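Listed below are the residues making up each chain.
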Amino acid sequence: MRTQVAIIGAGPAGLLLGQLLTRHGIDNVILERQTGDYVLGRIRAGVVEQGTADLLDEAGVGARMHAEGLAHDGIELAFAGERHRIDFHTLIGRRVIVYGQTEITRDLMEGRAAAGAQTIYEAEDVSLHDVTGDRPRVRYHKDGADHEIECDFIAGCDGYHGVSRKSIPDSVLKHYERVYPFGWLGILVDRPPVSDELIYANHERGFALCSMRSQTRSRLYIQCSLDDKVEDWSDARFYEELKRRLDSAAVARLQEGPSFEKSIAPLRSFVAEPMRHGRLFLAGDAAHIVPPTGAKGLNLAASDVRYLWQALTDFYKRKSSAGIDGYSAAALARVWKAERFSWWMTSMLHRFPGSSDFDQKMQETELAYLVSSQAAMTSLAENYVGLPY
Ligand code: APR
Ligand code: PHB
């Protein structure tokens, strides 16, 4: 088989890139290790920057997000027993849309099916070949047979555990990493949200977040130990702990229901540089991970895809390699700013085991300063809604 762009991974990054390329007449094939249902079963964050929403519109898959997503003008920060609102819309005239990543993935899959573009699910042992030559190839096994795709470019959109990043020699790639000494225990429950906007809480027992997927579905998180097991956390224990970390008004509005999803996620900051090796480009979680505290994971994947799609369009439509040559530097400049923001939000809102009294005072002062300063709140707002491209 031959295609112009072989895309590895049918997560949001791969599907969005595929949709943009298809709509602009650039042929592409997606290879995905899992089944479509498995991909749709993964629960991830759900805050969409304006720029990400614009790109989904550009890809022709934004309609349901605009109809069903919730426009949020701000967030609430809770600490020392009080809640403080950060009003993005008043501060910078922009807002975010709360809409689950699972729904975005579903919209992209439907868009791809409608466009008639090919996705090969359950592609096993995907391997990349000759990425530094002019004719890269991708091999895989499926249904007991070996297959090969010849292409012009490979887009490695296969997430943190994928094969693409690992295909780049160690001598080329530099890794930057911070692993945080705690996790997030999250549940999904069909009960209305505690508040109209997301509540990010800093509490002496640990961080908590009250988020949502719709007017009738809540997504709730508490900071937990990395040694904790999901089985240790009954719903009753989860709610008990969450309530201890929330203010009384939030507790009064919390409706406890049976969770239908419960999982523990570790927190990590990670960047691999450069994001291009020959004719292989990395995009999304394949190249970088952020802790979820600023809800940047999906938005960064979309940001990479925007740069990569434009670079490939320049190559095919305008015969220019400038976009391709500049891809890694352009994508990374924005990635690092989101890494900084996610690290800062994480540092400000969690309890770190072994932190000193001085560290504690600094964290409290950071929060007190933030909510007292228009300049500081504006800085949070412009990062949360998404920096310019
Ligand atoms: N071969 C083929 N497909 C693979 C391989 C492989 N060797 N390894 C991984 N994949 C697939 C995974 O099964 C997954 O469907 O690549 C896809 C990668 O998708 P994501 O992990 O969702 O990554 P990405 O598309 O970059 O989306 C980033 O997802 O993890 C969240 O917080 C993150 O919101 C962000 C978004
Ligand atoms: C979520 O709704 O899952 C969510 C929202 C905001 C975050 C992280 C996760 O910062």
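Computed from a prediction, not measured in an experiment: that's the story for all the values here.

A. Region of the structure containing the overall build of the protein. Regarding its fold elements, the protein presents 12 helices and 20 strands. By the compact-globule yardstick of 21 Å for 389 residues, the protein fits well, its C-alpha radius of gyration being 21 Å. With respect to the three principal axes, the spread of C-alpha positions in the protein is 60 × 40 × 40 Å. Classification of the 389 residues of the protein by burial places 54% in the buried group. At a minimum sequence separation of 6, the contacts of the protein that also span at least 24 residues come to 72%. Of the roughly 16,500 Å² that the protein leaves accessible, carbon and sulfur atoms contribute 49%.

B. Spatial organisation of the pairing of strand 13 (residues 174–189). Pairing analysis gives 13 bridges linking strand 13 to strand 17 (residues 259–273), with the strands arranged antiparallel. Each residue of the ladder has a partner; that of Gly 183, found in strand 17, is Pro 266. The sheet contact formed by strand 13 and strand 16 (residues 217–224) spans 7 bridges and is antiparallel. Across the sheet, the residue bridging to Leu 188 is Arg 219, located in strand 16.

C. Representation of the site of ligand 1 in the model. Of all residues adjacent to ligand 1, which total 24 residues, the nearest are Glu 32, Arg 42, Gln 101, Asp 285 and Leu 298. In this structure, Leu 298 approaches ligand 1 through a main-chain N or O atom, which is 2.9 Å from an oxygen atom. With the chains in place, 90% of the 710 Å² that ligand 1 exposes on its own is no longer accessible. Here the element with the most residues in the shell around ligand 1 is helix 9 (residues 297–318); it accounts for 3 residues.

D. Structural detail: the UniProt feature "domain: FAD-binding" (unreviewed entry) in the protein. Cross-referencing UniProt, the feature "domain: FAD-binding" (unreviewed entry) maps to residues 2–342 in the present numbering. Taken end to end, residues 2–342 has its terminal C-alpha atoms 40 Å apart, with 33% of it in helix and 32% in strand.

Cut-offs applied
- Residues numbered from 1 in each chain as written.
- Chains lettered and ligands numbered in written order.
- Predicted model: local features only at pLDDT ≥ 70, side-chain atom pairs only at ≥ 80, totals over all residues.
- Heavy atoms only, no water.
- Helix = DSSP H or I, 4+ residues; strand = E, 2+ residues; numbered from the N terminus.
- Rg over C-alpha atoms; globule rule 2.2 N^0.38 Å.
- Buried < 20%, exposed > 50% of the residue type's maximum accessible area, 1.4 Å probe, protein only.
- Contact = heavy atoms within 4.5 Å.
- Areas by Shrake-Rupley, 256 points an atom, 1.4 Å probe, with all protein chains shown as cover.
- Pairing = 2+ DSSP bridges.
- Near = heavy atom within 4 Å.
- Polar contact = N/O pair within 3.5 Å; in protein donor to acceptor, adjacent residues only side chain to side chain.
- UniProt positions renumbered as here; feature names shortened; annotations may be inferred.

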